[in-house]
Amino acid sequence: MKVLLHACCGPCIIGLLDFFQDHDLTLFFYNPNIEPKEEYQKRLESVKKIAQEFNLKLIEDDYENGLWHSVVDHYQDEPEGGERCKICFKIRLENLGLTAKSNGFDAMATSLSVNVWKDTQFINQTGQEIAERLGLKFFNFNLDQEQIKKICYQEKELSKQHNLYIQKYCGCLYGLQNQK
Ligand code: SF4
């Protein structure tokens, strides 16, 4: 199966590659939420490093940070995990689906599905709805919270081994400000 995997950063995909051993995998970097641009560049570089080391194809989409702000700014005071984050997930998943569809992929997946700090139920439900609408399969990893925790821990170790940049916040400056 030809799968397009949305990668939010290097550490979040390095522990997921085994899931796609029997598939034709391409990475997709579309994260207009990541700020500032220097931080975006660091996360992109870590995904490029994985693509190179594991001989994977990578589709890099535009940094549409202005467009992202025009959609989420109304919700800038929301806490992390609130409405702003739901919209942020939807923006990225929608573009993942459209890119997968227009490039002949059979399925779409996202590293956001395997993250202890994110609402993976919402992410998987949204991904499933978008994929169905576009006639694609949604690869949701089918993991419970304990399994997700275990993979996130392994990802930390693997990231150190592969010398990947490990970020200290989710992505946008609103999230970073709320964290302080
Ligand atoms: S905190 Fe993270 S998920 Fe929420 S809006 Fe910001 S970048 Fe997106």
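This text goes with the structure placed above it.
In this text the structure is predicted, and so the values were computed from the model without any measurement.

Before going further, it helps to spend a moment on the site of the ligand. Around the ligand sit Asn33, Trp68, Glu80, Arg84, Cys85, Cys88, Phe89, Arg92, Cys170, Gly171 and Cys172, and those are all the residues in its vicinity. Put simply, the ligand lies in the largest cavity. Its residues placed into classes, the shell around the ligand shows six nonpolar, two polar and three charged.

With that settled, consider helix H6 (residues 145-161). Residues spaced three or four apart along an α-helix face the same direction, because each turn holds 3.6 residues. Look at H6: 25 Å from first C-alpha to last across 17 residues, which is about the 24 Å you get at 1.5 Å a residue. Contact partners of the buried residues in H6: helix H1 (11-14) and helix H5 (120-134). Capping the start of H6 is the job of one residue whose side-chain oxygen sits 3.1 Å from the backbone nitrogen of Glu146: Asp144. Looking at the residues trailing H6, positive phi occurs at Asn163, about 55°.

The subject of this paragraph is empty space enclosed by the protein. Under the definition given, this model contains one cavity of 30 Å³ or more. Considered as a void within the structure, the largest cavity measures approximately 90 Å³ in volume. Surrounding the largest cavity, 13 residues form its lining, Arg84, Cys85, Cys88, Cys170 and Cys172 being those nearest its centre. Counting residues per element, the lining of the largest cavity draws most heavily on helix H4 (residues 83-102), at five residues. For the lining of the largest cavity, the residue count by class is six nonpolar, three polar and four charged.

Cut-offs and rules
Residues numbered from 1 in each chain as written. Predicted model: local features only at pLDDT ≥ 70, side-chain atom pairs only at ≥ 80, totals over all residues. Heavy atoms only, no water. Near = heavy atom within 4 Å. 1 Å grid on protein atoms, 1.4 Å probe; cavity = no way out; pocket = protein on both sides within 12 Å on 5 of 7 lines; lining within 4 Å. Sits in = over half its atoms within 2 Å of the grid points. Nonpolar A, V, L, I, M, F, W, Y, C, P; charged D, E, K, R; others polar. Helix = DSSP H or I, 4+ residues; strand = E, 2+ residues; numbered from the N terminus. Expected span 1.5 Å × (residues − 1). Contact = heavy atoms within 4.5 Å. Polar contact = N/O pair within 3.5 Å; in protein donor to acceptor, adjacent residues only side chain to side chain. Points joined across faces, edges and corners; volume = space filled by probe spheres on them.

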